[in-house]
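Below are the chains, spelled out letter by letter.
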Amino acid sequence: MLDGMSAKARLLLGLLDGEIARGGPLYVNVDATHRCNLRCHYCRWHSPLLAETLLDRNARKDLDPAIFDGLCEDLAALGTRKVHFVGAGEPMLHPAFFDLVRSANRRGLQLVVYTNGTRLAQDEPRQLVDSGLDLLRISLADPTAGAYAARHPYLKPGAFDNLVQGVTRLSQERNARPSRTPVLELCVPIDRENMGRLDDMVELARATGVDRIHFSVVLDFNQKELTAFMLDDGEVVRAREHLRQVRPVVEASGLGHNIDDVLLRYQAQRQVLDSVPCYSAWFYSMVDTDGRVRVCQRAKAVMGDLGRESFRAIWNGPAYRGFRKATRGGDTTLGPDYDCDFCPHLANNHRVHTRFRGLAALPSAVAWLRDGRR
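### A few points about helix α3 (residues 97–106)
Buried residues of α3: Phe97, Phe98, Leu100, Val101, Ser103 and Ala104, and no others. Against the buried residues of α3 lie α2 (65–78), β2 (82–85), β3 (110–115) and α4 (125–130).

### Section: the nonpolar core
The biggest cluster of nonpolar side chains holds 107 residues, and the ones touching the most others in it are Val30, Phe68, Phe85, Phe215, Leu243, Tyr266 and Val295. Ranked by the residues each element gives to this core, the list is headed by α2, at 6 residues.

### Observations concerning the sheet that holds strand β5 (residues 183–190)
The strand order across the open sheet formed by 10 strands is β7-β6-β5-β4-β3-β2-β1-β8-β9-β10, and the pairing between neighbours is mixed. Where the open sheet ends on each side, the last strands, each with one partner, are β7 (256–257) and β10 (302–305). Sheet topology places strand β4 (residues 135–139) next to β5; 5 bridges connect them, and they run parallel. Among the inter-strand pairings, Arg137 is bridged to a residue of β5, identified as Glu185.

### As for the packing of aromatic side chains
Counted by the stated rule, this structure contains 8 aromatic pairs. Where Phe85 meets Phe97, the ring centres are 6.3 Å apart and the plane angle is 65°; that geometry is what we call edge-to-face. Here the residue Phe85 occupies a position in strand β2, and Phe97 occupies one in helix α3, the gap between them amounting to 12 residues. The same class applies to Phe85 as to Phe97, namely buried. An aromatic cluster is built from Phe68, Phe85, Phe97 and Phe98, whose rings are joined through pairwise contacts. Looking at Arg39, its charged tip hangs above the ring of Tyr154, at a distance of 3.9 Å from the centre. Between Arg324 and the ring centre of Trp282, over which it is positioned, the NZ or CZ distance is 5.1 Å.

### Looking at the side chain of His152
Among the secondary structure elements, His152 is positioned in the loop between α5 (145–151) and α6 (159–175). Excluding residues within four positions of it along the chain, His152 makes contact with Leu38 and Cys40.

### A word on the pairing of strand β8 (residues 284–287)
Burial of the side chains of β8 extends over both faces: Tyr284 and Met286 are buried on one face and Ser285 and Val287 on the other. Bridge analysis of β8 against strand β9 (residues 292–294) gives 2 bridges, and the strand direction is antiparallel. Residue Met286 lies in a different strand from β9, and its bridge partner there is Arg294. Remark: 4 residues form the turn of the hairpin made by β8 and β9, two consecutive strands paired antiparallel; Gly291 in that turn has positive phi of roughly 85°.

### Quick word on the pattern of salt bridges
Enumeration over the complete set of coordinates arrives at 28 salt bridges. A salt bridge links Asp130 to Arg177, with the nearest nitrogen and oxygen atoms 2.7 Å apart. Of the two residues, Asp130 is situated in helix α4 and Arg177 in the loop between α6 and β5; the sequence distance between them amounts to 47 residues. As a salt-bridge pair, Glu173 and Arg177 come within 2.9 Å of each other at their nearest N and O atoms. Here Glu173 matches Arg177 in class, with each residue buried.

### What to know about the packing of helix α8 (residues 233–252) against helix α9 (residues 259–268)
Packed helices, taken two at a time, are described by the angle their axes make and the gap between the axes. It is at 10 Å that the axes of α8 and α9 come closest, and there the two elements cross at 170°. Classified by the interaxial angle, the pair formed by α8 and α9 is roughly antiparallel. When α8 is examined against α9, the residues Val236, Arg240, Leu243, Arg244, Val246, Arg247 and Val250 are found in contact with a partner set consisting of Ile259, Asp260, Val262, Leu263, Tyr266 and Gln267. For the contact of α8 with α9, the per-class residue count stands at 8 nonpolar, 1 polar and 4 charged.

### Describing the pairing of β3
Direction of pairing for β2 relative to β3: parallel, over a ladder of 4 bridges. Within β3, the residue paired with Val83 across the bridge is Leu111. In this region the chain leaves β2, passes through α3 and returns to the parallel neighbour β3; the handedness of that crossover is right-handed. Note: β3 against β4, 4 bridges, orientation parallel. In the strand pairing of β4, Thr115 is matched with Ile138. A crossover connection joins β3 to the parallel β4 through α4; in handedness this β-α-β unit is right-handed.

Quick notes on the rules
- Residue numbers run consecutively from 1 along every chain, following the written order of its sequence.
- Per-residue local features of the predicted model are confined to residues with pLDDT of at least 70, and side-chain atom pairs are confined, for both listing and counting, to 80 or more; whole-chain, interface and lining totals are unaffected and use all residues.
- The side-chain numbers reported here are obtained from all heavy atoms of the structure, hydrogens and water having been left aside.
- Remark: exposure states derive from per-residue accessible area (1.4 Å probe, protein chains only) relative to the maximum for the residue type, with buried under 20%, exposed over 50%, and partly exposed in between.
- Under the scheme used here, helices are H or I runs from DSSP no shorter than 4 residues and strands are E runs no shorter than 2 residues, and both carry numbers assigned from the N terminus.
- Contact between two residues is taken to exist if any of their heavy atoms lie within 4.5 Å; hydrogens are not considered.
- Residues enter a nonpolar core if they are buried and are Ala, Val, Leu, Ile, Met, Phe, Trp, Tyr or Cys, with the set joined through side-chain atoms within 4.5 Å.
- Any two strands between which DSSP finds at least two bridges are classified as paired.
- Any two of the Phe, Tyr and Trp rings considered here, Trp counted by its six-membered ring, make a pair once their centres fall within 6.5 Å; the pair's planes then place it as stacked at under 30 degrees, edge-to-face at over 60, or tilted in between.
- Look at NZ for Lys and CZ for Arg. If either is within 6 Å of the ring centre and within 35 degrees of the ring normal, a charge sits over the ring.
- One side-chain nitrogen of Lys or Arg within 4 Å of one carboxyl oxygen of Asp or Glu is enough to make a salt bridge.
- In this analysis an axis means a line fitted to C-alpha atoms, helices contributing only their contacting stretch, and an angle means the value between N-to-C directions, from 0 to 180 degrees.
- Roughly parallel means an angle under 35 degrees; roughly antiparallel, over 145; roughly perpendicular, 65 to 115; everything else is oblique.
- Throughout this entry, Asp, Glu, Lys and Arg are counted as charged residues, while Ala, Val, Leu, Ile, Met, Phe, Trp, Tyr, Cys and Pro are counted as nonpolar. The remaining residues, Gly among them, count as polar.
- A clockwise path from the first strand over the helix to the second, with the strands pointing away from the viewer, defines a right-handed crossover.

This is the structure:
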């Protein structure tokens with residue numbers, strides 16, 4: 001994720017100098033909509049098991065396209081390269097989804113969309129390929145129709161087969177083009193129901209023609225109703241071993257993967273800030289459906305509001321600067337407004353920490369970076 005020498009140099013220069021970011025975030029997560037047509041039991045927003053979900057019932061259901069267009073303009077000016085549509089809903093259910101895609105395309109931003117895949121059988125594959133998406137991540141926890149139906153009993157029969165066919169048709173349409181985009185990635189949230197079937201998920205990824213397989217960690221987010229889906233300590237040990245065993249199968253299939261990153265998350269678990277400081281405010285940002293900017297999708301604290309000020313003003317505004325000052329100093333007590341358990345940015349934080357420590361120890365490298373990047 002942390003790619004691009006110029007972007008890395010600006011990030012490290014900001015860290016060396018203090019609280020001001022010298023460039024924009026490397027990527028931004030945008031919660032485009034709260035609409036969802038699935039009710040996954042482990043979902044912190046839409047699970048039917050929850051007495052109270054983490055969904056903000058007072059928030060806008062859909063992000064205002066005008067706010068998103070202004071955000072894209074600011075991000076392009078700051079040198080940001082990627083925007084991810086991921087959050088509390090299914091992005092392709094936003095009423096103006098393809099307008100949002102065009103806004104990102106006009107500014108030269110790479111667009112990554114996380115989807116549950118249910119729309120792929122309905123939308124014409126040609127339209128999705130023509131839209132200019134760079135990466136489509138299809139979230140799927142089950143390798144068979146029976147397992148999928150058991151997890152989603154409210155769906156019509158054939159839903160799994162339609163989903164798989166949609167992915168396969170999209171892959172075929174994409175492969176017929178010289179650009180070979182969007183890159184397709186099967187995202188597998190690991191819970192107690194599928195932890196022993198990762199080999200089957202790899203086979204499904206291979207059969208549908210996707211390019212990568214991406215594993216993620218199912219969490220309870222301190223909600224007791226979701227604890228049953230989260231691996232206990234013994235299961236984590238077994239899941240890590242299974243991931244190591246499946247790695248050669250993944251690589252032999254020619255699939256890309258993130259196995260090292262998910263192994264790191266399982267290793268750190270809830271003690272993330274004991275392992276490495278949080279640097280996310282230097283390389284990442286989150287925008288919710290109301291246009292509020294947060295330092296992380298797990299944060300309650302708001303850095304600013306795009307309905308009132310530009311992202312450029314927010315990115316180096318007082319709230320962001322205060323957070324950077326605290327975390328750069330290794331603050332491990334961010335408080336109740338931040339949930340750092342199994343941090344999704346842990347791998348990137350480790351990469352930044354390693355490079356920052358190494359650079360700070362070499363005065364000549366610091367001088368070169370400052371002279372060459374100001």
